[in-house]
Amino acid sequence: MTATADHAKTARPVPPTTTGAARKGGRPGRRKSGPGGRALTVFTWAVALVFISPVLWMVLTAFKQEGDAYTDPPKVLFTPTLEQFGAVLGGDFLPYVGNSAIATLFSTALVLLLGVPAAYALSIAPVRRTKDVLFFFISTKMLPVVAVIVPLYVAAGRIRMLDNIWTLVLLYTAMNLPIAVWMLRSFFLEVPTGIIEAARLEGASLSRVLWSVMLPVMAPGIAATALICMIFSWNEFFFALNLTAAKAATVPVFMTGFITSEGLYWAQLSAAATVVSLPIVIVGWVAQRQLVRGLSMGAVK
Amino acid sequence: MSTKKEVAVRRVRTWLPGLLLVSPSIVLIAVFVYGMIGWNFQLAMSDKHKPIHDGEFVGFANFVALWSEARWLNAVGNAVIFTAVFVGGALVMGWLLGLLLDKGVRGEAALRTIYLAPMAISFIATGLVWRWLMNPAPIERATGLNALFANLGLDFLVNDWWTSPDFGMVAMALPAVWQLSGYIMALFLAGFRGISDDLREAARVDGCSEWQVYTKVVIPQLRPVVLSAVIILGHMSLKVFDLIIAVAGKQIITDVPAIFMFDMVFEVRDPAKGATIAAYMLMAVAAVVIPYLIWTIRKERSEGR
């Protein structure tokens, strides 16, 4: 086993049998050099290509003419066209994007506003048992949203909040808050307690500690949490389908309607699906590390 | 001033700010999660079978009546099949992918992103691709996998996918396996990396074969990872809805409790029945998740957090 350059970065130059790097959790793989390792790399990348091919195919089809989308065998080489994107964006697609954007951005902002202080309190509060109870109460992140849809529908109907985008904002906030608190708390727990104690000894108030000491350290963790909340809100389908109609419907609802009405136009459908996935792909590209971290942690819908 | 009072004041001082920080979240979750769940149970125990009814208390009558309904039994059976294929498939796929990455390949960070990517895209978008891949149309108009199989001369693999009465639900689980196996891979990878090389080395020195090192050292240490994965996948599969709507739409072959409930509430307009189905789904998820949450919190505590 030979240590490569970036192996040495995380592990100190000690014999490979120590566990120092493993405890950090950031150890790169057990690298093998030579033809065996190279073959494995090629194989793994080939598997990854097959794995992601449905998504690649979707994007490729989006640039096709309808006629090219059907051929057998499927065409890989064709004259690309933006026609399908034009058809999707030229329709009544944009209001749905607006609704999705409102629901996503406002609910994520609210989640952070409520979740950051709560997670902080739950990670430092001195009394353990009560903390556990509160944490348990908040961390109901896995409960199914279907369990609340019937009363919500009845209630929203009574107070005339059906088909209203702010209903979704409120619900997405409540839906994502448990996940956010759960994630943020584990990020807070990673912050060395020494920093907080030092700041407190110097007489900094709680809000001061939160703003000037914790936030800078926490920024990547908060970004990862925000990303997850945004993805969940953007993709959310069940509430949107059931609680909105023409006025406040979001992109996923539009998509299902589109599938029903344009069911056989694969190229146009692919263009719509690509447009829907685009914001997430862009955000994920910009903040790849946060996204991977967030997805690995808070993936539980 | 008595010392008792001083202690009390200090308690409040240490307590109050924390409580104030937590309380808005508690209120929101109390109302929208627990409040609504309570209301749901109240509806499920009433005879509000039309939206305009007031709903009298009928106890567990709705809960009992559901089990004599063919559609409910079919939906539950489908959910069981889906869960088995989905959990088993994602575990095996995730484990294999994790194994590949653990051996040390170039570009691990990029590979991780690729494997996690399907999870970030909504089921509505990926469901569309799978609709194309698993197109059950006759072979002249076949697309996706059926066309691929036919072109490769693997005609015996050509099948009806989600329209098959026998295997429809198995086909339905395939996109879900695809979507989540990257996540399971990440879990396993972290698990593999957590096992010290010392331990493996010691086993080798003691004369264990590589196979024995794997079965006697590695697998037992991965038990918590497998448990987490099963819980996470299991509770997700009990809730499956988006994927089926996107790929197959509403059809009896791939009917599941969530779709049944959706029909009852929004098509048939029977709130009590919808609430009863929702209550069963909640109980099923809770039975899986609550012991797990308690276990996680206990483990955290024993780790001294």
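Model, not experiment: these values are computed from the prediction.

Trainee: What is the right way to read helix α8 (residues 165-190) of chain A from this model?
Mentor: Because an α-helix packs 3.6 residues into every turn, residues spaced three or four apart end up facing the same way. All names here are of chain A. Taking 1.5 Å per residue, 26 residues should reach 38 Å; α8 reaches 36 Å between its end C-alpha atoms and fits that length. Taken as a whole, α8 carries its principal kink of about 35° at N176; the proline P178 stands between one and four residues after it. Of the residues that open α8, the one with a side-chain oxygen 2.9 Å from the backbone nitrogen of W166 is N164.

Trainee: Is there a simple way to explain the packing of helix α3 (residues 70-102) of chain B against helix α10 (residues 223-238) of chain B in this structure?
Mentor: Geometry of a packed helix pair, given as the angle between the helix axes and the separation of the axes. Residue and element names in this part refer to chain B. Where α3 contacts α10, the two axes come as close as 9 Å, and the packing angle between them is 145°. Note that α3 runs across α10; the crossing there is right-handed. Contacts from F82, T83, F86, V87, A90 and L91 in α3 reach A229, V230, L233, G234, M236 and S237 in α10. Classifying every residue of the contact of α3 with α10 by side-chain character gives 9 nonpolar, 3 polar and no charged.

Trainee: So what exactly am I meant to see when it comes to the nonpolar core here?
Mentor: One recurring pattern in soluble globular proteins: nonpolar side chains tend to sit buried together. The biggest cluster of nonpolar side chains holds 181 residues, and the ones touching the most others in it are Y120(A), F239(A), F82(B), F86(B), M172(B) and I184(B). Here this core gets 16 residues from one element, more than from any other, and that element is helix α7 (residues 168-194) of chain B. Of the domains in this structure, domain 1 (41-84) and domain 2 (92-295) of chain A are the two that each give at least three residues to this core. Excluding residues within four positions of it along the chain, Y120(A) makes contact with F188(A), I196(A), L206(A), V209(A), L210(A), M214(A) and L21(B).

Trainee: Mind showing me how you'd approach the interface of chain B and chain A here?
Mentor: Interface size, as often reported, equals the accessible area lost upon joining of the parts. Tallying the contact residues gives 97 residues for chain B and 95 residues for chain A. Counting every contact that joins chain B to chain A gives 0 salt bridges. Sort the elements by how many residues they give to the side of chain B that touches chain A and helix α1 (residues 3-44) of chain B lands first, with 20 residues. For the side of chain B that touches chain A, the residue count by class is 65 nonpolar, 16 polar and 16 charged.

Trainee: What am I meant to see in the packing of helix α8 (residues 197-205) of chain B against helix α9 (residues 210-221) of chain B here?
Mentor: All names here are of chain B. Put simply, α8 and α9 touch, their axes get as near as 10 Å, and they point 145° apart. Once α8 is placed against α9, the crossing between them reads as right-handed. Note on element contacts: α9 touches α8 through E210, V213, V217, V218 and Q221, opposite L199, R200, A203 and R204. Its residues assigned to classes, the contact of α8 with α9 comprises 5 nonpolar, 1 polar and 3 charged.

Trainee: Teacher, can you tell me more about the packing of aromatic side chains here?
Mentor: One pair of aromatic rings is described through two measures. These are the centre distance and the angle between the planes. Tallying each qualifying case throughout the model produces 24 aromatic pairs over all chains. For the pair W72(B) and F260(B), a centre-to-centre distance of 6.4 Å together with 40° between the ring planes defines the contact as tilted. Of this pair, W72(B) sits in helix α3 while F260(B) sits in helix α12 (residues 257-266), and the two are 188 residues apart along the sequence. Residue class for F260(B) comes out buried when judged on its relative accessible area of 0%. The structure contains a cluster of three or more aromatic residues connected by ring pairs, namely Y153(A), F237(A), F238(A), F241(B), F262(B) and F266(B).

Trainee: I'm lost on the domain arrangement of chain A in this one. Help?
Mentor: Residues and elements named next belong to chain A. For chain A, the domain assignment lists domain 1 (41-84) and domain 2 (92-295). Across the boundary between the two partners, domain 1 contributes 10 residues, which contact 10 residues of domain 2. Between the two partners, domain 1 and domain 2, sit 0 salt bridges. For the pair domain 1 and domain 2, the interface holds 0 residue pairs in polar contact (both at pLDDT 80 or more). If one sorts the elements of the side of domain 1 that touches domain 2 by residue count, helix α3 (residues 34-62) sits on top with 4 residues. Tallied by class, the residues present in the side of domain 1 that touches domain 2 amount to 5 nonpolar, 3 polar and 2 charged.

Trainee: Can you walk me through unusual backbone geometry in this structure?
Mentor: Residues apart from glycine generally show negative phi values, whereas peptide bonds are mostly found in trans. All names here are of chain A. In this model, R160 sits at a positive phi of 55°, which is unusual for a non-glycine residue. Position of R160 relative to the elements: it lies in the loop between α7 (146-158) and α8. The exposure class of R160 is exposed, given its relative accessible area of 72%.

Trainee: Would you mind going over helix α5 (residues 123-133) of chain B with me for this structure?
Mentor: The buried fraction of α5(B) amounts to 10 of the 11 residues, a majority that puts the element mostly inside the structure. Within α5(B), burial applies to F123(B), I124(B), A125(B), T126(B), G127(B), L128(B), V129(B), W130(B), W132(B) and L133(B).

Conventions used here
Residues numbered from 1 in each chain as written. Chains lettered and ligands numbered in written order. Predicted model: local features only at pLDDT ≥ 70, side-chain atom pairs only at ≥ 80, totals over all residues. Heavy atoms only, no water. Helix = DSSP H or I, 4+ residues; strand = E, 2+ residues; numbered from the N terminus. Expected span 1.5 Å × (residues − 1). Bend = angle between axes of the 7 residues up to and from the residue. Polar contact = N/O pair within 3.5 Å; in protein donor to acceptor, adjacent residues only side chain to side chain. Axes fitted to C-alpha atoms, helices over the stretch in contact; angles between N-to-C directions. Left-handed = near helix turned anticlockwise from the far one by under 90°. Contact = heavy atoms within 4.5 Å. Nonpolar A, V, L, I, M, F, W, Y, C, P; charged D, E, K, R; others polar. Core = buried A, V, L, I, M, F, W, Y, C linked by side-chain atoms within 4.5 Å. Buried < 20%, exposed > 50% of the residue type's maximum accessible area, 1.4 Å probe, protein only. Domains from an automatic or database assignment. Salt bridge = Lys/Arg side-chain N within 4 Å of Asp/Glu carboxyl O. Phe/Tyr/Trp six-rings, centres within 6.5 Å; stacked < 30°, edge-to-face > 60°.

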